[in-house]
Amino acid sequence: MVSSFISSKIIANQIILYRRVSTKAQEGGDYRSQLKSIKDKYPDFSIARSTIVDIKEVMSGLADPEVRFGSGIGKALRMLMRHSYAIILVSNLDRLGRRTDVFELIQAQGLGHRIMDAQTGMNLDELIAAKRHIKIAKKTKDQKRACKTGQERYLASGGVHGSPKIKHQSRHGTKRKMSLAKERRSQVLKVIAAMARQSRGRKLKLNDIADELNRREIRTGQGRFFDAERLSQLRKSYPGAFRKAFDTPLRDRRRIQAHVRTTGSVFANRHQMQQLMRTLAPIPRAWRFRPSAAHRLVFNGPKPTFATGRWFDRCRSPPPWSTRAGGAA
């Protein structure tokens, strides 16, 4: 059934296109097939001319609602709230999810009338009223049950699960997981450092940090939203990095103070050098830079231990203009 409402939104360039696949292996073909099914119903549809944004994601339809709303469908709903005249268009209702609670949570936000199914031309509220979401969930459970039965039958007949390359794949997966965790931790610490700098050293609350991370669409390793408890666990795992991030404004202040102290010591040393040169001013220039004589004259102490073979380094008596020799001062 072709909906005139969807056609008008296509012409007005007010479509938020949402496409979902369950695995990476399905990305190429399934995205194209979903787009083709929409174009078969609405030939005027074009991603370039009709959409505000095209959201694609790899996500299981059976994923937890928190994970779903922290990923592509959550982004689509936020875009829908931001654009008051737009609609979300999906090729089929099961692209939204395969769990009844996901459909009900979307409807509870009051956005069901603006989420359209291209195949039926109906919105989400109408599809839920017709119990279509329950049929999708039941069909999915039946498929899972049949798949499990087939696997048990295969193993009973002598089949083997696994891959001969499992060792290499496991090593590569571990490295990839550690790399992603490090990148995610770096993002969290950058946000904390920025917030600490803006607050000028005021103590930050974990709930405020979690809200900022969620606003920036930074998720946990499982794709969930951050909260105070999860941040506390992360801080226990990396206490030094968190202390450094929280200490950012104070560290900047200490660095400036260190620069001030260094500059002050430089000026103090320069003042001492000027005093030394004023003391050496009455001494003839030929003697001013002779280490042994200058040291005896200014500091009245023993001469340096190095010997250069020159007569003024070997002489024991003060120069003739010294007051100790009875000469002119």
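Residues numbered from 1 in each chain as written. Predicted model: local features only at pLDDT ≥ 70, side-chain atom pairs only at ≥ 80, totals over all residues. Heavy atoms only, no water.

A. Up close: the packing of aromatic side chains. Summed over all chains, the structure comprises one aromatic pair. The ring of Y238 carries R185 above its face, with NZ or CZ at 4.0 Å from the centroid. (Phe/Tyr/Trp six-rings, centres within 6.5 Å; stacked < 30°, edge-to-face > 60°. Lys NZ or Arg CZ within 6 Å of the ring centre and 35° of its normal.)

B. Inspection of the nonpolar core at higher detail. Counting residues in hydrophobic clusters, the biggest one holds 24 residues, and the most contacted among them are I16, I88, L96, I106, I115 and L124. When residues of this core are traced back to their parent elements, those giving at least two are strand 1 (15–21), strand 2 (51–58), helix 5 (72–82), strand 3 (87–90), helix 6 (100–108) and helix 7 (124–129). When residues of this core are assigned to their parent elements, the largest contribution, five residues, is made by helix 5. For I16, the contacting residues outside a window of four places in its chain are I52, V53, I55, A76, M79, L80, A86, I87, I88 and L89. With 17 residues, the next largest nonpolar core counts V191, L204, I209 and A245 among its residues. (Core = buried A, V, L, I, M, F, W, Y, C linked by side-chain atoms within 4.5 Å. Buried < 20%, exposed > 50% of the residue type's maximum accessible area, 1.4 Å probe, protein only. Helix = DSSP H or I, 4+ residues; strand = E, 2+ residues; numbered from the N terminus. Contact = heavy atoms within 4.5 Å.)

C. Inspection of the sheet that holds strand 4 (residues 115–117) at higher detail. The four strands lie next to each other as 2-1-3-4, forming an open sheet whose pairing is parallel. The open sheet has two edge strands, strand 2 and strand 4, and neither has a second partner. On average, each strand axis in the sheet is tilted by 25° relative to the strand beside it, whichever way the strands run. Alignment of strand 1 against strand 3, held across three bridges, turns out to be parallel. Bridged to I16 within strand 3 is I88. Running over the sheet, helix 2 (residues 27–41) touches strand 1, strand 2 and strand 3 and is turned about 140° from strand 1. Against the sheet, helix 5 makes contact with strand 1, strand 2, strand 3 and strand 4, and its axis sits at roughly 165° relative to strand 2, the strand it touches most. (Pairing = 2+ DSSP bridges. Axes fitted to C-alpha atoms, helices over the stretch in contact; angles between N-to-C directions.)

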